[in-house]
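Survey of secondary and tertiary structure
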Amino acid sequence: MIKPVRAYYAVALIFAFQLFTSCHKTASDPLPVADTTHTPLSISKPVVKITSVSITEGGFNTTVTINGSGFVSSLTGNQVYFNNKKALILYANETRIIACVPLGAGTGKITLAVGATKVTGPTFKYLITDVLTFFAGGYTMGFKDGQGSNAKFHSPAGLAIDAVGNIFVADAGNNVIRKITPSGYVSTFAGTGKSGLTNGHKSTATFSTPLGLCFDKAGNLYVSDSDNGVIRKISRNNMVTTFATNGITKFNMPKGITTDVAGNVYVADMQNSIIRKITPQGVVTPYAPAENTPSNNLIFIQPSGLTSDKLGNLYTVQLSNGLIRKITPGRVVTNIAGGATLDGYTDVFNGTGIAAIFYHPESIALSPDGNLYVADTFDRAIRKVTPEGVVTTLLGGLRATSAPHEGSGNNAGMYTPVGIAINAAGVIYVADQTYGFIYKISKQ
């Protein structure tokens with residue numbers, strides 16, 4: 001007879017053996033069969049392709065919308081090229097990209113790269129247009145010489161260009177005259193930075209809010225020294241003198257200034273609402289309106305900008321009502337364009353004669369082809385006026401512009417264009433008073 005304790009150990013031994021053999025199958029034991037009745041889900045990526053573009057021709061900085069699929073919702077996840085020239089992307093999602101046409105792209109295919117995938121779209125025709133670019137200064141006010149954007153201005157105003165293409169700037173806020181080479185290097189030409197009325201060598205002379213500049217045929221530079229109420233002359237030997245004071249009353253905010261072939265200087269005496277003539281000897285007389293002349297009974301309202309042609313005709317723009325006028329050597333005055341009321345005016349209006357409207361235009365310049373160009377300050381635009389009085393907008397016109405930006409047509413952004421000058425090749429330079437930019441406008 002087996003004792004109970006021994007029986008208990010026998011049962012435990014049998015159970016342990018069965019458990020051990022069940023956890024150690026041999027290689028010949030069958031494996032579980034995989035379930036092949038269900039296929040795992042897979043997510044395919046959209047094919048990268050361009051289905052359409054918003055426009056197929058335009059100039060620098062024209063915005064182009066590219067529609068398609070397989071794009072990345074990231075400004076850096078996509079690369080867009082116009083004729084193999086990389087474009088700036090403004091917006092991107094999975095089906096739409098907005099890009100800017102790069103400067104000088106030329107005509108060629110639009111190409112899109114997403115990762116390693118590259119696709120080609122339609123041909124884009126690059127149009128040569130008038131393009132605004134940043135030439136010198138910009139964004140922050142200051143007083144610093146240097147190359148291009150390294151230089152700083154403070155409320156730049158009037159501009160003038162010498163015979164070899166250097167651009168001179170009435171740097172009003174700094175009380176100095178600056179010089180910019182055609183390559184964009186800025187230096188201080190005259191003045192110390194202090195406000196005053198000191199004559200002498202240009203390096204020690206002082207000015208007070210200079211607003212207008214012009215050269216005579218001999219290369220002398222004349223300055224509308226506004227807060228001093230005088231006209232200054234900087235001779236070719238670098239000496240500064242007070243050229244005209246207009247007696248006891250002085251000029252009242254002289255601004256636009258120009259010369260004729262005989263060496264006479266003409267000044268837009270803005271707050272006195274008159275155009276004055278100064279002979280080479282410094283004698284000041286009223287020019288328009290003036291007694292015993294056809295201009296006698298005419299009224300000028302804050303003439304601001306002033307320029308002249310080789311025949312001795314003057315062209316002026318009035319600040320308050322935007323009227324563009326021509327004054328012949330015989331002092332016959334005709335209205336060319338503008339002059340309409342500004343009540344309820346909310347847009348840039350082009351047209352012929354009085355149908356065109358300007359909004360607080362500050363200055364005017366004559367181009368080699370005979371057209372006038374106006375710095376239309378509050379319209380934030382450069383306007384073109386033909387000899388027949390037809391007015392169009394060359395660049396700008398976006399009143400909602402919050403900051404300057406390069407571009408062509410209404411894609412170009414200016415804030416307060418106040419000074420304008422044109423060189424012999426037709427290249428236009430513009431001074432932006434608020435942002436301290438000197439812009440360059442050329443065909444590109």
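Digging into unusual backbone geometry
With an omega of -5°, the peptide bond running from A288 to P289 counts as cis. Of note, P289 is situated in the loop between strand 24 (284-288) and strand 25 (303-308). A positive phi angle, close to 55°, is found at S155, a residue other than glycine. Look at R331: it is not a glycine, yet its phi comes out positive at around 65°. Here R331 lies in the loop between strand 27 (324-327) and strand 28 (333-337).

A few points about the side chain of T206
Looking at where T206 falls in the secondary structure, it is placed in the loop between strand 16 (200-201) and strand 17 (210-215). At 2.8 Å, the side chain of T206 forms a polar contact with the backbone nitrogen of T198. Excluding anything up to four places from it in sequence, T206 contacts T192, K194, S195, G196, L197, T198 and R232.

Some words on the side chain of N321
Inspection of the secondary structure puts N321 in the loop between strand 26 (314-318) and strand 27. At 3.0 Å, the side chain of N321 forms a polar contact with the side chain of Q318. Not counting chain neighbours up to four residues away, the residues in contact with N321 comprise I301, G339 and A340.

Quick word on the pattern of salt bridges
Applying the stated criterion across every chain yields a total of 8 salt bridges. Across the pair K255 and E362 runs a salt bridge whose closest N-O atoms are separated by 1.9 Å. With K255 in strand 21 (residues 254-259) and E362 in strand 30 (residues 361-366), this pair connects stretches of sequence that are 107 residues apart. Classification of K255 by relative accessible area gives buried; the value is 13%.

Concerning the environment of G330
Looking at the element boundaries, G330 is found in the loop between strand 27 and strand 28. For the pair formed by G330 and S295, sequence separation is 35 residues and the distance between their alpha carbons is 9.2 Å.

Looking at the sheet that holds strand 6 (residues 88-92)
Two orientations exist for strands paired in a sheet by backbone hydrogen bonds: parallel and antiparallel. Ordered by their spatial adjacency, 4 strands build an open sheet running 1-3-7-6, and the pairing between neighbours is antiparallel. Of all strands in the sheet, those bounded by a partner on one side alone are strand 1 (49-53) and strand 6. Strand-to-strand, the axes of this sheet are offset by a mean angle of 30°, without reference to chain direction.

With respect to the packing of aromatic side chains
With the rule as written, the count across this model stands at 14 aromatic pairs. Taken together, a centroid distance of 6.1 Å and an interplanar angle of 35° make the contact between F134 and Y439 tilted. With a gap of 305 residues between them, F134 in strand 10 (residues 130-137) and Y439 in strand 37 (residues 437-443) connect regions that are remote in the sequence. For Y439, a relative accessible area of 0% translates into the label buried. Cluster of aromatic residues (ring-pair linked, three or more members): F134, Y139, Y415, Y435, F437 and Y439. Over the ring of Y415 we find R380, and its NZ or CZ is 4.0 Å from the ring centre.

Digging into the nonpolar core
Ranked by internal contacts, the top residues of the largest apolar core, which has 23 residues, are I66, V80, F82, I97 and L112. If you list the elements that add at least two residues to this core, you get strand 1, strand 3 (63-69), strand 4 (78-82), strand 6, strand 7 (96-100), strand 8 (108-114) and strand 9 (117-126). Excluding anything up to four places from it in sequence, I66 contacts I50, S52, V53, F71, V80, T95, R96, I97 and I110. Judged by nonpolar contacts, the second largest core, of 17 residues, contains A365, A375, A412 and V430.

Here is what the cut-offs are and how they apply
Residues numbered from 1 in each chain as written. Predicted model: local features only at pLDDT ≥ 70, side-chain atom pairs only at ≥ 80, totals over all residues. Heavy atoms only, no water. Helix = DSSP H or I, 4+ residues; strand = E, 2+ residues; numbered from the N terminus. Polar contact = N/O pair within 3.5 Å; in protein donor to acceptor, adjacent residues only side chain to side chain. Contact = heavy atoms within 4.5 Å. Salt bridge = Lys/Arg side-chain N within 4 Å of Asp/Glu carboxyl O. Buried < 20%, exposed > 50% of the residue type's maximum accessible area, 1.4 Å probe, protein only. Pairing = 2+ DSSP bridges. Axes fitted to C-alpha atoms, helices over the stretch in contact; angles between N-to-C directions. Phe/Tyr/Trp six-rings, centres within 6.5 Å; stacked < 30°, edge-to-face > 60°. Lys NZ or Arg CZ within 6 Å of the ring centre and 35° of its normal. Core = buried A, V, L, I, M, F, W, Y, C linked by side-chain atoms within 4.5 Å.

Read these as layout, nothing more, since geometry by itself doesn't imply function.
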